[in-house]
Every structure is written in structure tokens, then in C-alpha cells.
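Residue-level listing of the chains:
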Amino acid sequence: MEATIHRRWCRKLMTVRVRFSPAPTGYLHVGGARSALFNWLYARNRGGTFILRIEDTDADRSEPHLIEAIHDSLTWLGIDWDEEVRQSDRFDDYRALAADFVARDLAYYCGCTRDDLVGRVGENAGYDGHCRTLGLEPGEGRAIRFQTPDTGTIGWDDLVRDRVEFENSVLEDFIIVRSNGVPMFHLANAYDDAEMKISHVVRGEDLVNTTPRVLLLMAAMGVTELPTYAHLPLIVNEQRKKLSKRRDDVAVGDYRDKGYLPEAMRNYLLTLGWGPKDNIEIRPIGEIIEQFDLVDINKAPAFFDVKKLDHFNGEYIRMLSADDFVEASLPHVVDQFPAADTEVYARLAPFVQERVARFEEAPRFVDWILGDAPEPEEKDWRKVMGKDHVPSVLDAVIDRLPSTDWEPKALESLVLGVGQELEVKSQLPVRLALTGRRSGVPLFEPMVELSRDVVLRRLEQARGKL
RNA sequence: GCCCCCAUCGUCCAGCGGCCUAGGACGCCUGCCUUUCACGCAGGUAACACGGGUUCAAAUCCCGUUGGGGGUGCCA
């Protein structure tokens, strides 16, 4: 009870400020999206501030248009940010800090190249401190290194991994300003987290190793209120390796293009590393915000399972109103059938809605109405049309079609009636002749969108091929 | 090599010393619904990596082993 009250108090007193810090070196991928999501959820849960901080210190690899792309993906996912900063706007601050470190003998200029170092200590060793005591002046090819302690340990209480500790002796003197004068990520990171009063640093596990350096830097800055860290488990591929932009299909924008709903993506991403106590996975974002807490995050890496994403997406698609479904799926249909009649598609859409997991699947359910029927697969044709009764079924249907009312019920009783008379299943051959497929949306309701002539022609064509 | 981390069904999550003959979800399988497919519904399949402790009691705590991952850049 007391603990609960204490917690409540702390919640109120502590201002949560979190940040998502992507480097604009590529499109937003699912791993980054999940980091953003967890930060955002925590901020929203605590009534805190969610900041987007673009870490574009590496000018060679950062591309401005990618910042826009990150904005778009975040916005698409419904993740809104309260403040935005770019590290490239703050270089002077970082450089001033580095200069201060040098002045206080906490950092020094270093003229060693990678080759120099490898020549001295080999491939696998870190920096050997060669320039530590040389008292080098600034100059061409001189970077600034931060001097790490040789003894003792540094560690922190991680919200997801508990206590993490490093021996200072394994930390090499690392570069904080490149020889071209551009500050490095650790420096910018430490400065910004302190200056922006970041309360919780929530990021991927691949960054744990950089944390001791940032902590050292903050200590050197005299920061007393250190942020609380939470290192998220990685999202991995089928080989259990960290998702890679090169190897894996992970750009958030690609999922949008394939016809995933942002709500589904966001909901699915959430289940990677976190689960609600009551086991209900698919639920409104409000409930998720209410339940979310960093301390409940899992430690183990999670596999990005597109099959499960598809299931989530299907569920969300089915939750859409009929109109919303038409609106969302129409672009995918129009993409393949530019001349498609929207009214016709809207009448077909309800049948499509309960059959697709992604909007990109929509066209193939209606292609036989909006365009020509696809050529049937060889094995489907054999299996369906190879039966002895098929010619008589088709003949009977063709025979009676001209005098049938052009509405679903009449067409249904015509086709099924033929089947009953001949005591065979009559729908399949008609379906294959009309749609080119053995399965799909219901046959008779959509069928009336076709003209009597077209239906007759397709039927006769199939009959001719027997 | 060195440093850090992880380990419950094939996959994701629940479990935080007794409610566990381990629960939910995806997948897969079966049945119902339906003269297609799907949706829906009802079932089923399947896991505490291993070995030592601690304890009256361990999936839950400790140690080790094995396996896996991350890092080791003048990238972030």
C-alpha cells in the first residue's frame, strides 16, 4: 500500500521526457518504429513529452529527404511528437563541450589513424592510448578522444535488463570529435540527453555498449540527474539475427504500400517484447497506453512474424466500416484496373473485406468483374473440368441463361437447379469458367455486374475447350 | 579474441516460490457453418535447453554447462 502510494507520488512528481533518435541514414524500419512506439507509449502513459531527435551528426551518411520519410512513417503509425530537434543544429554546443573537456584534461587530441593503430595493436584491440600523454595541439588529421578511467566499474540499473556493469578498463579512449571537426554520436547523445532533461532513454539493445561511454561523458559534464535507461530486446529475422535493412524486408513504408493498416502494424509491433497482463492482444490504443509500462518489457529478442502481422491486419480490416474499406482498398484496385467503376467495386467490396489480410490482395478477388477473367491454372482446370458431367452442366446453364432474370437469386437457382437435376455439384465448373479460379468471392451477387453476353461468352469458351 | 546480454509450445506473449496436471494469440490439424473460398464457431497439436544447488515447495532464486544474439568504426 505504501509502495503504491509512493509510486503514485513519483509518477506525479517526475516529469517524463523521452526521445526517439533515428539517424536519417535510411527509411524507418520496423525496429526503429517499435523503439519510437515504446517511447511514445511511455510518454503518453505518464503524461510526459515525446521528442523526436534527428541524429544527423554523420553528414556523409545522412540524407535530408529521409527525415521527411521518417516523419511520414511516424505520422502514418499515429505516433505524434511534441518537440523536434536536429543535432546538426547544435554542433557548436558539442564542440564547446569537447573543448572544455580538453581544457580540463579529460580529453586530448589524437593523430592516430586506423592503420597506425592496427599496426601497433592488431585488428582486435581497442585504442591503446598512444596520444594520451603527448599533449598534441589541434591540427590536420587530429581527432579528440575522451580519456576513460583505467580502473573501477561503471554501470546502471536498466529498467528491462536490471543491473548492467562494465569494467572501465575495457573501455578504450573513444573519439568524441572527428578530425574533420564534426562531433561524434556519443558526445551529442550525452550532451543532448542532459541538456534536454531526458528522463528515460528507451532504445535498442544494440546500444547497450555505448551507454557506459555516455555515462562517463555525463559524469564529466557534472550531470547529477542521470536518465533511467531501458534497453529494448532486438527484433530479429528467421535466422535470429538483428533485422537488417539490406537483408530483410523491413521498411515501414513498404508495409503501408502493401496494404497494412497503421493500427494493425502498431498493435502488432507492441506485442514484440511486451504483452498485456490479461492476454488480450488486439485492442484499442487507449487501453494499451493505459496498461503500458517499461518495466514489463521482455528481455529476449523477438522474431518479426509476418504471418501474425497478417492476422492482426485481417482483424483490423474486418473492423472497418464498409465505406472505410472501400476507401482504403480502392487505390490498390485502381492501380490494376484504372478504368474500374467505383460503384461496382463498392458493391463487391463487402465480399472482399472478409477475405483479405492486406489491401494488395483485393484486386485478385474482383479481377474477373473489372477486367477479363484470368487464365485458369492447368491443374485447377483438370481437376474441375475433367469430370464427366461438366459438359452437360455447362450446356444446360448456357441453354437456360438467356431466359433467366438477371439477378442473383435467379442465377443461383438456375445453376444450382442444374446441379440438382444432374445430381452433381454445378457451381465449380461455372465458377472456373467465369472467374478463372476455383475459389473466391460468392459467385452470384457479383455475377450480375457482368453483362449477359460476357457471361455467355465465357461459358461457351470454356465449353469449347473441353 | 575481448566485452555485454538472452534462454517457457515452430512463433509472440502470460507466468515474477505454492493457484501450473503451465494460460492466451499466430501457425498447423479436425469438426460445424457453407454446393467455392473466406469469415465465424467448437475442438486438437505443441514448451519451462541441460546439470547442479537453495527451499517443506522452483518455470519462477543462485551457480555452471550448452546454445543463441549484440557490440568491438574518425556509423548510430
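Basis of the calculations
- Residues numbered from 1 in each chain as written.
- Chains lettered and ligands numbered in written order.
- Predicted model: local features only at pLDDT ≥ 70, side-chain atom pairs only at ≥ 80, totals over all residues.
- Heavy atoms only, no water.
- Near = heavy atom within 4 Å.
- Polar contact = N/O pair within 3.5 Å; in protein donor to acceptor, adjacent residues only side chain to side chain.
- Helix = DSSP H or I, 4+ residues; strand = E, 2+ residues; numbered from the N terminus.
- Nonpolar A, V, L, I, M, F, W, Y, C, P; charged D, E, K, R; others polar.
- Axes fitted to C-alpha atoms, helices over the stretch in contact; angles between N-to-C directions.
- Parallel < 35°, antiparallel > 145°, perpendicular 65-115°, else oblique.
- Left-handed = near helix turned anticlockwise from the far one by under 90°.
- Contact = heavy atoms within 4.5 Å.
- 1 Å grid on protein atoms, 1.4 Å probe; cavity = no way out; pocket = protein on both sides within 12 Å on 5 of 7 lines; lining within 4 Å.
- Points joined across faces, edges and corners; volume = space filled by probe spheres on them.
- Salt bridge = Lys/Arg side-chain N within 4 Å of Asp/Glu carboxyl O.
- Buried < 20%, exposed > 50% of the residue type's maximum accessible area, 1.4 Å probe, protein only.
- Phe/Tyr/Trp six-rings, centres within 6.5 Å; stacked < 30°, edge-to-face > 60°.
- Lys NZ or Arg CZ within 6 Å of the ring centre and 35° of its normal.
- Expected span 1.5 Å × (residues − 1).

**Looking at the protein's contact with RNA strand B**
Taken together, 64 residues form the shell around RNA strand B, and within it Thr57, Arg178, Arg240, Lys241 and Arg355 come nearest. Of all atoms in RNA strand B that approach within 4 Å of the protein, 68% are sugar or phosphate atoms. Thr57 places a side-chain nitrogen or oxygen 2.4 Å from a phosphate oxygen of RNA strand B. Separating a base nitrogen of RNA strand B from a side-chain N or O atom of Asn279 is a distance of 3.1 Å. Among the elements that take part in the surface near RNA strand B, helix α11 (residues 306-319) stands out by supplying 5 residues, more than any other. Per-class residue counts for the surface near RNA strand B are 20 nonpolar, 17 polar and 27 charged.

**Topic: the packing of helix α13 (residues 342-353) against helix α14 (residues 363-370)**
Across the interface, α13 lies against α14 with an axial gap of 10 Å and an inter-helix angle of 140 degrees. Regarding the angle of α13 to α14, the classification is oblique. Seen along the crossing, α13 lies across α14 with a hand that is right-handed. Contact with α13, carried on its side by Val344, Tyr345, Leu348 and Val352, involves Phe365, Val366, Ile369 and Leu370 of α14 and no other residues of that element. Class assignment for the residues of the contact of α13 with α14 results in 8 nonpolar, no polar and no charged.

**Description of the layout of surface pockets**
Counted as a void, the largest pocket has a volume near 1,100 Å³. Contributing to the lining of the largest pocket are 38 residues, with Ser21, Ala23, His29, Asp206 and Leu207 lying nearest its centre. Among the secondary structure elements, those contributing two or more residues to the lining of the largest pocket are β1 (17-20), α2 (30-46), α6 (185-195) and β9 (200-204). Top element by residues in the lining of the largest pocket is α2. It accounts for 5 residues. Among the residues forming the lining of the largest pocket, the class breakdown is 14 nonpolar, 14 polar and 10 charged.

**Digging into the pattern of salt bridges**
Per the counting criterion, the structure on display carries 41 salt bridges. Between Asp248 and Arg247 there is a salt bridge whose closest N-O contact spans 3.8 Å. Overall, Asp248 belongs to the buried group, its relative accessible area being 16%. The closest approach of N and O atoms between Asp278 and Arg283, which form a salt bridge, is 2.8 Å. Among the residues examined, Arg283 registers a relative accessible area of 9% and is labelled buried. One connected set of salt bridges, linked through shared partners, spans Arg19, Arg53, Glu55, Arg90, Asp192, Asp193 and Glu195.

**Concerning the packing of aromatic side chains**
A full pass over the atoms with the stated rule returns 13 aromatic pairs. When the ring of Tyr94 is compared with that of Tyr191, the centres are 5.6 Å apart and the planes differ by 80 degrees; the resulting orientation is edge-to-face. Taken together, the residues span a long stretch of sequence, with Tyr94 in helix α4 (residues 91-103) and Tyr191 in helix α6 at a distance of 97 residues. The two residues Tyr94 and Tyr191 agree in class, both being buried. Their ring planes at 70 degrees and their centres at 5.8 Å tell us that Tyr255 and Phe304 sit as a pair that is edge-to-face. Taken as a pair, Tyr255 in helix α8 (residues 252-258) and Phe304 in the loop between β12 (302-303) and α11 lie far apart in primary sequence, 49 residues in all. Summarising the burial analysis for this pair, Tyr255 and Phe304 share the class buried. A network of ring pairs unites the aromatic residues Tyr255, Tyr260, Tyr268, Phe304 and Phe312 as a single cluster. Looking at Lys258, its charged tip hangs above the ring of Tyr255, at a distance of 4.9 Å from the centre.

**Side note on the packing of α4 against α6**
At a closest axis distance of 10 Å, the pairing of α4 and α6 adopts a crossing angle of 100 degrees. With respect to α6, the element α4 is oriented roughly perpendicular. Side by side, α4 and α6 meet where Asp93, Tyr94, Leu97, Ala98 and Phe101 of the first sit next to Leu187, Ala188, Tyr191 and Asp192 of the second. Among the residues making up the contact of α4 with α6, the classes are represented as 7 nonpolar, no polar and 2 charged.

**Digging into helix α3 (residues 64-76)**
In a regular helix each residue adds 1.5 Å, so 13 residues correspond to 18 Å; α3 covers 19 Å between its end C-alpha atoms and thus fits that length. When α3 is considered as a whole, its buried residues turn out to be Leu66, Ile67, Ala69, Ile70, His71, Ser73, Leu74 and Trp76. Packing partners of the buried residues in α3 comprise β1, α2, β2 (49-54), β3 (83-86), α8 and α9 (262-270).

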